[in-house]
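Coordinate analysis (summary)
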Amino acid sequence: TIRPVRRSYYDPSSAPGKGVVWEWENDSGSWTPYDMDVGITIQRAYEKQHPWVDLSAIGFCYIIDFATMGQINRQTQRKRRVRRRLDMVYPLVSGTLPKSQSWPASPGAAAAPPVPACACPQCLLVMSVKATVSATGPGTATLQPRKAPPAPPAAPKAPVPAPGAKAPDGMATVRGSLKPLAAQGGRRQAASTPALSSASSTASPPGMGSGKASRPGLSTLNRNHLQRLAIAQSRVLIASGVPTVPVKNLTGSSPVNPALAGITGILMSAAGLPVCLTRPPKLVLHPPPVSKSEIQSIPGISHTCRKTTKKQAKKGKTPEEVLKKYLQKVRHPLDEDCTICMERLSAPSGYKGPQPAIKPDLVGKLVKCGHVFHLHCLVAMYNNGNKDGSLQCPTCKTIYGVKTGTQPPGKMEYHVIPHALPGHSDCKTIRIIYNIPPGVQGPEHPNPGKSFTARGFPRHCYLPDSEKGRKVLRLLLVAWDRRLIFAIGTSSTTGESDTVIWNEIHHKTEFGSNLTGHGYPDINYLDNVLAELAAQGITEESLVQEKD
């Protein structure tokens, strides 16, 4: 495998030129430097005495807070320490930079001398595809920077090149007529913004063709100009219905050129299709700012806030008394296994833990679902649970009684905001805000007496303000009162233990996009969350029970 390498040059006034390196603290407590372009962006904001800088513009979902010297994840709200080092001075270079190091390059500079083409199979494939597209396209165009604000005179119409004609080194060709650009560009583009102009793709000596002294090639343009070229080309091709290929690093630290040689681009070009690079949709976690006067209560739902405290299980009833309500004794059990201890029902229970005060050979049947177990096993299972007076069948998950959870104390706010969710343009949005502070685990939690963390709070969630959306909210309020929305455990995303986690009832935390899978549009979400609530024993019947 052969990979390109490069040596970068930076202005002496930039972060690396001053020997400044920004680093973030990783989970092991050591420090990791940011990529050079990220560090330059942070240093630029720091020197301008900005209180913070948002890195989403360069493709990272972080905010750097200079007051606290911390990095905040915009999605999870997790914070890390950052620091600024001043001891990494790079050597200074004086004089003319080597031509092989093409940064910085002047848009008006002469094109570099041709470089022998690579003979590897991939490069040969790319060159053959380019030649085919150039030869068979209805028209060709070259990319060049606009030199002055006044509109240039109309260029002659591009002739169809001869079969096998090859573009000059450093130039790029695209299929199709690019006439829409002239109408689309207008006065919006700055004088330095590269534009697309119609011209012949056949090679010609300097000074020929358009009547100008020389035409700069792409190899003479720096990264910003290349990005602008790609954006301008993308707009034209999208308008003409060309299939698009999202490229995440279009505005990142890497040039656009490597993406052009991606396997998707090669295959689409080989099939005779033009390729258009586009930016992927941006992550939109939160709605536009909303004033207090625009926030409304939800029709049919009283109040806008609900708090929970630690609810203690009802005392006075032994496990045997609780199970007696849900069981029927079986005198002559079938020759089957107890799915708790995996011993035959006709034999004594195989449970080896603390022995409950009940005979190990007694067998009972749950009245709703009809599944049969050793009473000894059911009592042991109840004692190992929340001991809240409810029971859940280990085979079919049928719930007996009112199931409650171990959610820590916190607050749930809910109201309507005047913005629509993607896929629900006909209604406003219900915003739910959960806030749970860190604390100490109680007797019902995995590690009683040990502290627990609460990352990412307050957490914002969204529902459409429709009839079904309000129904989901009512049931979520029941789940909140029963302490079933959150639990304390190990995070599946960070691996952190003894922290507040979601408890099998999915929420939408992404307002204006669905890049993480936790946003809209999602036509099945409301039905799915109703099914998840039902699995926790929360249905419309629960609303009647709560009123009672």
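Because the structure is predicted, anything quoted here is derived from the model rather than measured.

**Focus: the side chain of Asp498**
Relative to the helices and strands, Asp498 is located in the loop between strand S22 (486-489) and strand S23 (499-502). What makes Asp498 buried here is its relative accessible area of 8%. Here Lys450 takes part through its side chain, which lies 2.9 Å from a polar atom of the side chain of Asp498. Here Asp498 is in contact with Gln441, Asn447, Lys450, Ser451, Phe452, Thr453, Ile488 and Gly489, once residues within four sequence places are set aside.

**Considerations on the nonpolar core**
The nonpolar side chains of a soluble globular protein tend to be buried, and buried together. Met412, Ile432, Tyr434, Leu463, Leu473, Leu476 and Phe486 are the most contacted members of the largest nonpolar core, which totals 39 residues. Among the elements that line this core, the one with the most residues is helix H9 (residues 467-481), at eight residues. By size, the runner-up hydrophobic cluster in this structure holds 19 residues, among which are Tyr326, Cys341, Cys377 and Tyr382.

**Let's talk about the pattern of salt bridges**
Taken as a whole and judged by the stated rule, the model has 18 salt bridges. Ionic pairing is found between Glu25 and Arg81, a salt bridge with its closest N-O pair at 2.8 Å. Linking Glu25 in strand S1 (residues 21-25) with Arg81 in strand S6 (residues 79-85), this pair joins segments that are 56 residues apart in sequence. Classification of Arg81 as partly exposed rests on a relative accessible area of 48%. Where Arg483 meets Glu444, a salt bridge forms, and the shortest distance between an N and an O atom there is 2.8 Å. Taken together, the positions of Arg483 in the loop between H9 and S22 and Glu444 in the loop between strand S19 (439-440) and strand S20 (451-452) put the pair 39 residues apart, joining distant regions of the chain.

**A closer look at the packing of aromatic side chains**
Within this structure, the stated rule accounts for eleven aromatic pairs. Between Tyr326 and Tyr400, the ring centres sit 5.6 Å apart and the planes meet at 45°, which makes this aromatic pair tilted. Taken together, the residues span a long stretch of sequence, with Tyr326 in the loop between helix H7 (319-324) and strand S12 (327-329) and Tyr400 in strand S16 (residues 399-400) at a distance of 74 residues. We classify Tyr326 as buried; its relative accessible area is 9%. Among the aromatic side chains, those forming a connected cluster through ring pairs are Tyr434, Phe457, Trp480, Phe486 and Trp502. The positively charged end of Lys368 is found above the aromatic ring belonging to Tyr400, 5.4 Å away from the centroid.

**Overview of the packing of H9 against helix H10 (residues 525-535)**
Contact pair H9 / H10: the axes reach a minimum separation of 10 Å and the direction vectors enclose 25°. The angle between H9 and H10 places the two elements in the roughly parallel class. Regarding H9 and H10, the two cross each other, and that crossing is left-handed. The residues of H10 that touch H9, namely those facing Lys468, Gly469, Lys471, Val472, Leu475, Leu476 and Ala479, are Leu526, Asp527, Val529, Leu530 and Leu533. Class assignment for the residues of the contact of H9 with H10 results in eight nonpolar, one polar and three charged.

**A word on the pairing of S1**
The element S1 is extensively covered by neighbouring structure, given that four of its five residues are classed as buried. Pairing between S1 and S6: four bridges, direction antiparallel. Bridged to Val21 within S6 is Arg85. Relative to strand S2 (residues 31-33), S1 runs antiparallel, the two sharing three bridges. Considered in S2, the bridge of Glu23 is made with Pro33.

**Focus: the sheet that holds strand S21 (residues 459-464)**
Strand order in the open sheet formed by four strands is S11-S17-S18-S21, and the pairing between neighbours is antiparallel. Edge positions in the sheet fall to strand S11 (305-308) and S21, since each of these pairs with one other strand and no more. Put simply, the sheet's adjacent strands are angled 20° from each other on average, direction ignored. Sheet topology places strand S17 (residues 410-417) next to strand S18 (residues 429-435); seven bridges connect them, and they run antiparallel. When the sheet's bridge partners are listed, Lys411 is paired in S18 with Asn435. Here H9 sits on the sheet and contacts S11, S17, S18 and S21; the angle it forms with S17, its principal contact strand, is near 170°.

**Re the confidence of the model for the chain**
Residues with a pLDDT of 70 or more make up 63% of the chain, whose mean pLDDT is 75. Counting contacts from residues 138-216, a segment whose pLDDT is below 50, to residues more than four positions away or on other chains yields 125 contacts. Here residues 248-261 is a poorly scored stretch, pLDDT under 50, and it has 29 contacts once near neighbours within four places are set aside; other chains count.

**Observations concerning helix H8 (residues 375-383)**
Among the nine residues that make up H8, seven are buried, leaving the element largely enclosed by the rest of the structure. Listed as buried for H8 are Leu375, His376, Cys377, Leu378, Val379, Ala380 and Tyr382. Close packing links the buried residues of H8 with H7, S12, strand S13 (363-366) and strand S14 (372-374).

**Quick word on the environment of Val330**
Mapped onto the elements, Val330 comes out in the loop between S12 and S13. For Val330, a relative accessible area of 23% gives the class partly exposed. A C-alpha to C-alpha distance of 7.8 Å links Val330 and Leu362, two positions 32 residues apart in sequence. Val330 has contacts with Val363, Gly364, Lys365 and Val372, leaving out every residue within four places of it along the chain.

**Here's the deal with helix H1 (residues 36-47)**
The end-to-end C-alpha separation of H1 is 16 Å, in line with the 16 Å expected for twelve residues at 1.5 Å each. Elements in contact with the buried residues of H1: S1, strand S3 (52-54), strand S4 (62-65) and S6. Positive backbone phi, approximately 60°, marks Gln49, located one or two places after H1.

Procedures and definitions
Residues numbered from 1 in each chain as written. Predicted model: local features only at pLDDT ≥ 70, side-chain atom pairs only at ≥ 80, totals over all residues. Heavy atoms only, no water. Helix = DSSP H or I, 4+ residues; strand = E, 2+ residues; numbered from the N terminus. Buried < 20%, exposed > 50% of the residue type's maximum accessible area, 1.4 Å probe, protein only. Polar contact = N/O pair within 3.5 Å; in protein donor to acceptor, adjacent residues only side chain to side chain. Contact = heavy atoms within 4.5 Å. Core = buried A, V, L, I, M, F, W, Y, C linked by side-chain atoms within 4.5 Å. Salt bridge = Lys/Arg side-chain N within 4 Å of Asp/Glu carboxyl O. Phe/Tyr/Trp six-rings, centres within 6.5 Å; stacked < 30°, edge-to-face > 60°. Lys NZ or Arg CZ within 6 Å of the ring centre and 35° of its normal. Axes fitted to C-alpha atoms, helices over the stretch in contact; angles between N-to-C directions. Parallel < 35°, antiparallel > 145°, perpendicular 65-115°, else oblique. Left-handed = near helix turned anticlockwise from the far one by under 90°. Nonpolar A, V, L, I, M, F, W, Y, C, P; charged D, E, K, R; others polar. Pairing = 2+ DSSP bridges. pLDDT = per-residue confidence, 0-100. Expected span 1.5 Å × (residues − 1).

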